[in-house]
Amino acid sequence: MMRYDVEAIRQDFPILQTTAHQKPLVYLDNAATSQKPQIVIDTLLNYYKQSNANIHRGAHYLAAKATEEYEQARETIRHFLGADSADEIILLRGVTEAINLIANTYGESQIQEGDEIILSVMEHHSNIVPWQMLCERKKAILKVIPINEKGELELQAYEKMLSERTKIVSIAHASNALGSIHPIKKIIDLAHQKGAIVVIDGAQGAVHLDIDVQELDCDFYAFSGHKVYAPTGVGALYGKRKILEAMPPYHGGGEMIKEVSFEKTTYNGLPFKFEAGTPNIADVIAFKAGLDYVQKIGKQNIHAHEDQLLQHATKQLNAIEGLSIIGTAAQKVSVVSFVVEGCHHGDLGTLLDAKGIAVRTGHHCAQPLMAHLGIKGTVRASFAMYNTLSEIDQLAVGIQSAIKMLK
Ligand code: PMP
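Residues numbered from 1 in each chain as written. Predicted model: local features only at pLDDT ≥ 70, side-chain atom pairs only at ≥ 80, totals over all residues. Heavy atoms only, no water.

*Asks:* For the overall build of the chain, give the residues involved together with the corresponding values.
*Replies:* If you tally the helices and strands in the chain, you get 15 helices and 17 strands. Here the C-alpha radius of gyration of the chain, 22 Å, is about what a compact globule of 407 residues would show, namely 22 Å. Based on the C-alpha atoms only, the size of the chain along its principal axes is roughly 70 × 55 × 40 Å. Across the 407 residues that make up the chain, the buried fraction comes to 55%. (Helix = DSSP H or I, 4+ residues; strand = E, 2+ residues; numbered from the N terminus. Rg over C-alpha atoms; globule rule 2.2 N^0.38 Å. Buried < 20%, exposed > 50% of the residue type's maximum accessible area, 1.4 Å probe, protein only.)

If you want it as structure tokens, here you go:
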């Protein structure tokens, strides 16, 4: 393996050379969104300078060029997820839109009164609210897998919860709030034994973990481009062909149709049936550039680096008096959530920000988890391929000085 050259990687990200409050930026809010390498920014710019046209319909040079680049992006995403066919890759805005799509198509057509949908207590609001809305419409029941004190799912409770009434299990690959990696292969196999389908929210999984949707045998896997070094506003949903084919469409409009008349409209094949209207062409093409960049650095190398950051941060933060790390699962992505006795998380965040250190504070779109833990929020530092051990040291020093000021 080549030496992991974090300084060279940092040079690829222009924003990392900037300052915040006149201090060098220490960006530790990667679970919210990652920064973008120059190649992603250049791809966006070049698209508008050299390729811009509407896709799939036009009969001219630029339309063909833009269509080809767009479809190449779909192929890259197919490969990134290990899917069998690009027909199984739906391009959309991100995880939130993907889960709403599934709830409103698969859910709307399949769920009946008394059916059960299983989530975990640790889910992001975007993997709770669309299901809750569906359950309200259908008089279905939401069931919630509990966690242990480390922030790991209680698998025995999950097994007990499963029954012939379970129709959908929807679980994050990894928790954005605590970092816990869930044993999704096991969760999927157990759900399938009862005939339920499984949706994986890969918002945090896609950037940190290896994914092979065929090996996992998940029915859906969704992720957002902006967390994988690609632009905001684009994401992908993998779905098994058989399920996607049987699903009714989501949005109606151009592109998703085969033929329209006032008497009857027939729908396009996969994946276009789920892609009504002009898509976010430029950002999809830059999405490919982000994934290519990840492939170039190597997911294994990135994992090893991020794991080193996680271990170092855990050690440094544990040494701070009064600080408790929330979420100590055996398997974690590079996310450290913590609280400090006697200090409000929001105040800690503000004082860190004054030193140029960007962290997230609050409930992390996981209010039910915070309620379960009996806290209002945490401070969360989350690491990416370009973070350094020295930045973590700066975080630890920053927290210590913030505590002194607040106490
Ligand atoms: N699920 C998880 C676990 C997340 O971390 C996020 C983003 N914070 C989402 C879902 C929603 O993703 P998006 O806002 O990109 O749709």
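Still more to cover.
*Asks:* Give a description of helix 11 (residues 281-297) that names residues and reports values.
*Replies:* For helix 11, with 17 residues, the first-to-last C-alpha span of 25 Å sits near the 24 Å given by 1.5 Å per residue. Most of helix 11 sits inside the fold, with 13 of its 17 residues counted as buried. Where helix 11 terminates, the next one or two residues include G298, which has phi positive at roughly 100°. (Expected span 1.5 Å × (residues − 1).)

*Asks:* Report on the nonpolar core, specifying residues and quantitative values.
*Replies:* Among the nonpolar cores identified, the biggest contains 74 residues, and L81, V169, F223 and M385 are the most heavily contacted of them. With nine residues, the top contributor of residues to this core is helix 11. Two domains share this core, each providing at least three of its residues, namely domain 1 (6-30 + 299-406) and domain 2 (42-295). Discounting chain neighbours no more than four positions away, the residues touching L81 are I89, I211, D212, V213, Y221, F223 and Y238. (Core = buried A, V, L, I, M, F, W, Y, C linked by side-chain atoms within 4.5 Å. Domains from an automatic or database assignment. Contact = heavy atoms within 4.5 Å.)

*Asks:* Give a detailed account of the side chain of H305, specifying residues and quantitative values.
*Replies:* Note on placement: H305 falls in helix 12 (residues 299-318). The exposure class assigned to H305 is buried, which follows from its relative accessible area of 8%. Setting aside residues up to four positions removed in sequence, H305 forms contacts with Y4, V6, A384, M385 and N387.

*Asks:* Help me get a handle on the domain arrangement of the chain, residues and values and all.
*Replies:* Under the domain assignment used here, the chain contains domain 1 (6-30 + 299-406) and domain 2 (42-295). The distance between the C-alpha centroids of domain 1 and domain 2 comes to 28 Å. Contacts between the two partners involve 34 residues from domain 1 and, on the opposite side, 27 residues from domain 2. Taken together, both faces of the contact between domain 1 and domain 2 bury some 2600 Å²; the carbon and sulfur share is 59%. The largest contributions to the domain 1 side of the interface with domain 2 come from K299, V333 and L369, which together make up 26% of the buried area. Linking domain 1 with domain 2 are 18 residue pairs in polar contact (both at pLDDT 80 or more), by the criterion used here. Elements represented by at least two residues in the side of domain 1 that touches domain 2 include exactly helix 12, strand 14 (335-340) and helix 14 (367-373). Looking at the side of domain 1 that touches domain 2, the element that brings in the most residues is helix 14, giving six residues. The residue inventory of the side of domain 1 that touches domain 2, partitioned by class, reads 18 nonpolar, 11 polar and five charged. (Buried area = accessible area lost by both parts, 1.4 Å probe. Polar contact = N/O pair within 3.5 Å; in protein donor to acceptor, adjacent residues only side chain to side chain. Nonpolar A, V, L, I, M, F, W, Y, C, P; charged D, E, K, R; others polar.)

*Asks:* Break down the packing of aromatic side chains for me, with residues and values.
*Replies:* Within this structure, the stated rule accounts for eight aromatic pairs. With a centroid separation of 5.4 Å and 25° between ring planes, the pair formed by F80 and F223 is classed as stacked. Residue F80 is located in helix 3 (residues 61-81), and its partner F223 is located in strand 9 (residues 220-224); the two are separated by 143 residues in the primary sequence. Neither F80 nor F223 differs from the other in exposure class; each is buried. (Phe/Tyr/Trp six-rings, centres within 6.5 Å; stacked < 30°, edge-to-face > 60°.)

*Asks:* Account for the site of the ligand, with residues named and values stated.
*Replies:* Taken together, V95, T96, H124, S126, N176, D201, A203, Q204, S224, H226 and K227 are the residues near the ligand. Side-chain polar atom of T96 to an oxygen atom of the ligand: 2.6 Å apart, as the coordinates give it. At 3.3 Å, a side-chain N or O of H124 approaches a nitrogen atom of the ligand. Across the complex, the protein chains shield 84% of the 400 Å² of accessible surface that the ligand would expose by itself. Partitioning the shell around the ligand into residue classes produces two nonpolar, seven polar and two charged. (Near = heavy atom within 4 Å. Areas by Shrake-Rupley, 256 points an atom, 1.4 Å probe, with all protein chains shown as cover.)

*Asks:* Can you tell me about the sheet that holds strand 14, naming the residues and giving the values?
*Replies:* Across the sheet, four strands lie side by side as 13-14-17-16; this open sheet has antiparallel pairing. Each end of this open sheet is capped by a strand with a single partner; those strands are strand 13 (323-326) and strand 16 (360-362). Neighbour-to-neighbour, the strand axes of this sheet turn through a mean angle of 30°, independent of strand direction. Bridge analysis of strand 16 against strand 17 (residues 378-382) gives three bridges, and the strand direction is antiparallel. Opposite G362, over in strand 17, you have T378 as the bridge partner. Here helix 12 sits on the sheet in contact with strand 13 and strand 14, set at roughly 10° to strand 14. (Pairing = 2+ DSSP bridges. Axes fitted to C-alpha atoms, helices over the stretch in contact; angles between N-to-C directions.)

*Asks:* Can you explain the pairing of strand 14? Please cite residues and give values.
*Replies:* Summarising burial for strand 14: five of the six residues are buried, a large majority. Pairing of strand 13 with strand 14, which is carried by four bridges, proceeds in the antiparallel orientation. In the strand pairing of strand 14, L323 is matched with V340. Judged from the four bridges that link them, strand 14 and strand 17 form a sheet pairing that is antiparallel. By the bridge assignment, S337 is partnered in strand 17 with R380.

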